[in-house]
Amino acid sequence: MPTYQYPKSQELFRRAAGVIPGGIYGHFSPAPLVPPSAYPFFTAKAEGARFRDVDGNEFIDYMCAYGPMVMGYGAAHVEEAAAAQRRLGDCTTGAAPVMVELAEVLVDMMPAADWAFFAKNGADVTNFAIMIARDATGRSKIVMIEGGYHGTAGWMQSPGHHGVTDEDQHHVVRLPWNDVAAFEAVLDRYPNDVAAFIATPYHIPTFADSQMPAEGYWEKIQALCRRHHVVLIVDDIRQGFRLDMAGSSAYFGFTPDLTCLGCVMANGYPISALVGCEALKKSATRVCHTGSTWFQAVPMAAAKANLVKMGEINAPQVMLTRGALLFDAMVNIARTYGYDLKVTGAPSMPYVRITNDESLMLHQDWCAECTRRGAYFTPHHNWFISAAHTDADIQQTLETVDEAFSAIKSKYGTDFQN
Ligand SMILES: Cc1ncc(COP(=O)(O)O)c(C=O)c1O
């Protein structure tokens, strides 16, 4: 069967490189897609769990726009709510009532939410969370996890990255994931100067396996935060509503002071949220944080409709079940070809890797072979499954996976040496 070609994508990218830094920047950059010739760069149309690129190739999408698509591209409940609000007004003088209704939905749904604040990007609210923690505690230091991602502001990026200064990093302390003793040591080293502990509900580094919290990890971190008056922030931007509609902290059995949300809230409409406990409402009121388009009502209406619908169908459970079905079957197919496919993290957003070659070259080639046949897989980042992936999507994906294993087996055998 002929595999996909991308001449129009490549021509558009050539034009893009002339007028846009990097051609396509940020997480949509083709840089980590290896080999780039196996991937489309531009999407023409998307519907349900599939998209069509500018060359007319169709893909079952396992990146879901890197997370935001959760109920299917163009999902009717979201588009109808957005259209109804658009007829009334979107970016207007004065907030729309739907802002209050959305806040009430989140407060009703999440035990850790007594209030909600809305912005656009995830990084808007991770930054706001840190400012609130500093205001509430009068302290400076932020404890985060090595390899954790909270956005791209100076303090959020790792030291040494372009454009990041020593001053940006001055108050940031990084710890290994699942290391409670390291947190205790930081609290000893900086008595009364740690404002916040911020981490994702489980660890999701790029180019590496996801890591679940060890038994009792969150319980111990929560206890230490309470004892030392440190604000506990969960960055639930990526995992949020993929494990539990009550938030990932409810799934893992703890209660953060602040929870950062975004990504799936509105099925792709631009909105993020910070929700928090009553004790931090005063700081959330007095820390100055706002934006020109943050009160847009259309994304709020989309988010409200989407969250309600996700709750009605228990979308996290749908994704977890479908993901488990798909990835268990994939592991079995891999085994029949003599390959070990390792799946880590939640089945609704797993990190998948062929372990036979630690350099990842074999894995990259397999992802490329799948993508060239219509199952869009990236080799460096966790994948996403949506509630819109159908049984037919899963069946077709498994056939593609089988063909791609056959292709790499004829190329490399199982004793891959780079
Ligand atoms: C865990 C986590 N935190 C923060 C962010 C930043 O969100 P945004 O890209 O919307 O600023 C992301 C984005 O992927 C994320 O996955």
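A quick note: this is a predicted structure, and the numbers were derived from the prediction, not measured. (Residues numbered from 1 in each chain as written. Predicted model: local features only at pLDDT ≥ 70, side-chain atom pairs only at ≥ 80, totals over all residues. Heavy atoms only, no water.)

Along its length, the protein carries 13 helices and 13 strands. With the principal axes as the frame, the protein shows a C-alpha extent of 60 × 55 × 45 Å. Long-range pairs, those at least 24 residues apart, make up 75% of the contacts in the protein with a sequence separation of at least 6. The average position of the 32 basic charges and that of the 44 acidic charges among the side chains of the protein differ by 3 Å. (Helix = DSSP H or I, 4+ residues; strand = E, 2+ residues; numbered from the N terminus. Contact = heavy atoms within 4.5 Å. Lys, Arg positive; Asp, Glu negative; His and termini not counted. Charge placed at Lys NZ, Arg CZ, Asp CG, Glu CD.)

Moving on: the nonpolar core. By size, the foremost hydrophobic cluster in this structure holds 137 residues, and its most contacted members are Leu-106, Phe-197, Phe-241, Trp-366 and Phe-405. Broken down by element, the residue count for this core peaks at 9 residues, all from helix α11 (residues 315–336). Residues lining this core come from more than one domain, with at least three contributed by each of domain 1 (7–61 + 315–412) and domain 2 (76–312). With sequence-adjacent residues up to four places away left out, Leu-106 is seen in contact with Ala-113, Ala-116, Phe-118, Phe-241, Leu-261, Met-265, Ala-273, Val-275 and Leu-307. (Core = buried A, V, L, I, M, F, W, Y, C linked by side-chain atoms within 4.5 Å. Buried < 20%, exposed > 50% of the residue type's maximum accessible area, 1.4 Å probe, protein only. Domains from an automatic or database assignment.)

Next up on the list: the domain arrangement of the protein. As far as domains go, the protein holds domain 1 (7–61 + 315–412) and domain 2 (76–312). If you average the C-alpha positions of domain 1 and of domain 2, the two centres end up 28 Å apart. In this assembly, 19 residues from domain 1 lie in contact with 16 residues from domain 2. Summed over both partners, the interface of domain 1 with domain 2 buries about 1,500 Å², with 61% contributed by carbon and sulfur atoms. For the interface between domain 1 and domain 2, the tally reads 2 salt bridges. In this assembly, domain 1 and domain 2 are joined by 10 residue pairs in polar contact (both at pLDDT 80 or more). Contributions of two or more residues to the side of domain 1 that touches domain 2 are made by α11, β11 (341–344) and β12 (351–354). Ranked by residue count, the leading element in the side of domain 1 that touches domain 2 is α11, at 4 residues. Class assignment for the residues of the side of domain 1 that touches domain 2 results in 11 nonpolar, 6 polar and 2 charged. (Buried area = accessible area lost by both parts, 1.4 Å probe. Salt bridge = Lys/Arg side-chain N within 4 Å of Asp/Glu carboxyl O. Polar contact = N/O pair within 3.5 Å; in protein donor to acceptor, adjacent residues only side chain to side chain. Nonpolar A, V, L, I, M, F, W, Y, C, P; charged D, E, K, R; others polar.)

The mixed open sheet is built from 7 strands, whose spatial order is β4-β10-β9-β8-β7-β5-β6. The open sheet has two edge strands with one neighbour each: β4 (115–119) and β6 (172–175). Each adjacent strand pair in this sheet contributes to an overall mean axis angle of 20 degrees, direction not counted. Judged from the 3 bridges that link them, strand β5 (residues 141–145) and strand β7 (residues 194–199) form a sheet pairing that is parallel. (Pairing = 2+ DSSP bridges. Axes fitted to C-alpha atoms, helices over the stretch in contact; angles between N-to-C directions.)

Moving on to the pattern of salt bridges. Any two side chains of opposite charge can pair, so long as their charged atoms come close to each other. A full pass over the atoms with the stated rule returns 16 salt bridges. Between Arg-372 and Glu-369 there is a salt bridge whose closest N-O contact spans 3.3 Å. Of this pair, Arg-372 and Glu-369 both sit in helix α12 (residues 361–372), 3 residues apart, which is roughly one turn of the helix. Between Glu-403 and Arg-373 there is a salt bridge, with its nearest N and O atoms 3.1 Å apart. Taken together, the positions of Glu-403 in helix α13 (residues 391–412) and Arg-373 in the loop between α12 and β13 (375–376) put the pair 30 residues apart, joining distant regions of the chain. Its relative accessible area of 34% is what places Glu-403 among the partly exposed residues. Within the structure, one salt-bridge network assembled from shared partners comprises Asp-365, Glu-369, Arg-372, Arg-373, Glu-403 and Lys-411.

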